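# A structural walkthrough
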Amino acid sequence: MKLHLLLIIFSITLILVLLVVVESSNDFSSNITRGSSLSTSSNTNNTSYWRSPSGNIAFGFYKLPCSNNYSSSNCTQDRYVVGIWFFNSPTKTLVWTANRNDPPLYAPSSILFTDEGNLILQMADNKDKPLLHDVPEPGLYAVMHDNGNFVLYGSNSRVIWESFDYPTDTILGGQKLQNGDGLISSMTSFNLGYGFYKLSVRQADGLVDIHNMYGSRRIGPFDVVSYGRRQYRRRSPITLNLDITGKLSLVGSDDVVLRTLYEDANLYEKQGGHDGLEVTDGSTNSTVYMYRATLDLYGRFSLCKERIDGGNISDNGNSITLAVWWPYGEWETRQNTGLLVVCITIGIIVVGFACFLIAIFFFNLV
C-alpha cells in the first residue's frame, strides 16, 4: 500500500516537473524580469526576442533585409534593429523601432535587463548604452503585451515607460498619436532612419496632414488627411486614435470623438482573449487580427487590417488595406474605389447608348 502511494506521489511530481520545464522552454511569458537577456548570437542559450503571451508579437532583435544593391544570398553580415513586430505573420511586419536613427546592429549584440533595473544594449564593438530613454526610475519587470505595447513597470506595478508613447511610423489598434508626437516615414526598407515625411495633428484646429520634413518637395494644402475646424481648439489636446475595431478618429481632451476618419463596419468582430481582435465564423474557429496605420517611405498613410496568427486573410496575403491617403491626392477607401468603378461603367454605358441614338437619328435622315 505504501509502495503504491509512493509511486503515485512520484508520478505526480514528475508530471509537475515536466510541465515546469516545458513552460520554461517557451520564449514568451507574461513578465520579463531582472536578469533576463537577449542576444543575436546563436552560440548562446539566450533567445533573440521576447514574445507576448499569445506568441503573436515579439520584442527584440529584428533582422533587416539586404539593401537594393545586394540579394539575400550576397549579404556578408546580418544587420539588426531592436523593434516590435508581428512574429507569426508571414511578412514579419515591423511596427516599432528603438533608436531608429542609430546605425544598425551587428552580431554579437545583446540586451541585458540588469539587476539595477536598467535595459542596456551591448553592441558588437563592446560599447554599452541605455536601450530606452526618458525612463524616470529603475524597472522591476517588463511585459510585451498582445496589443503590441512593450511596457516597463516600476514600483507598485506602475507604468514608467511604454512604446505606445514613442511611435515611429505606425500606430496600432488601441494606440493614440499624442500631442507633440508624429509619425515619421523611414528612409528605405533597409534603412529605418528618418525619411522625408511626417504626419502630425495641429492642435490649433485638429488639422491632420503630411508634410515634407526637409522642404525639398512642396506638399501643400492638398495633402490633408483631415481638415481642421476652429472650434476644435477648445478640445485641445487633440489626439489621433486608432481603436481595436479599426476606427480611426480625432478625439478631444474630454474623450469626445471630434471626427471619424474611417470605421471598419463590414465584419462582425469581438474582442477575444488577446488584445487583438478575434473574429469568429460561427464555429469553434477563430482568427486574430490587428489594425495598424502606417506612414510609408513614399508618404502614403495606410490603414491596414492584418492577420497576425500565421494565416492569410485571402489569396492575396495576410493583410488588406482598408484606406489609403496618397500625397498630392486625397483620402481613398476600398469602398470609394468600388464606387468609382461603378460610376465609370455607368458613364461608358450612357455615352455608348447616346452614340447609338445619334447614329440612328442620322441614319433616318439619310
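Refer to the preceding data block for the structure.
This is a predicted model, so every value here is computed, not measured. (Residues numbered from 1 in each chain as written. Predicted model: local features only at pLDDT ≥ 70, side-chain atom pairs only at ≥ 80, totals over all residues. Heavy atoms only, no water.)

## Remarks on the layout of surface pockets
Reported here for the largest pocket is a volume of approximately 700 Å³. In terms of lining, the largest pocket is formed by 28 residues, of which the most central are T93, L94, D169, R292 and T294. Counting residues per element, the ones that place at least two in the lining of the largest pocket are β6 (94–97), β24 (286–295), β25 (301–307) and β26 (319–325). Broken down by element, the residue count for the lining of the largest pocket peaks at four residues, all from β6. Among the residues making up the lining of the largest pocket, the classes are represented as ten nonpolar, twelve polar and six charged. Space inside the second largest pocket adds up to approximately 360 Å³. T97, Y166, P167, T168 and Y194 are, among the 19 residues lining the second largest pocket, the residues nearest its centre. Listing elements by their share of the lining of the second largest pocket, those giving two or more residues are β6, β15 (182–186) and β16 (194–201). Counted by class, the lining of the second largest pocket contains nine nonpolar, six polar and four charged residues. (1 Å grid on protein atoms, 1.4 Å probe; cavity = no way out; pocket = protein on both sides within 12 Å on 5 of 7 lines; lining within 4 Å. Points joined across faces, edges and corners; volume = space filled by probe spheres on them. Helix = DSSP H or I, 4+ residues; strand = E, 2+ residues; numbered from the N terminus. Nonpolar A, V, L, I, M, F, W, Y, C, P; charged D, E, K, R; others polar.)

## Examining unusual backbone geometry
The amide bond that connects A107 to the next residue, P108, takes the cis arrangement and shows omega of 0°. Structurally, P108 is set in the loop between β6 and β7 (110–113). Backbone geometry places N126, a non-glycine residue, at a positive phi of 70°. Residue N126 is classed as exposed on the basis of its relative accessible area, which comes to 72%. (Buried < 20%, exposed > 50% of the residue type's maximum accessible area, 1.4 Å probe, protein only.)

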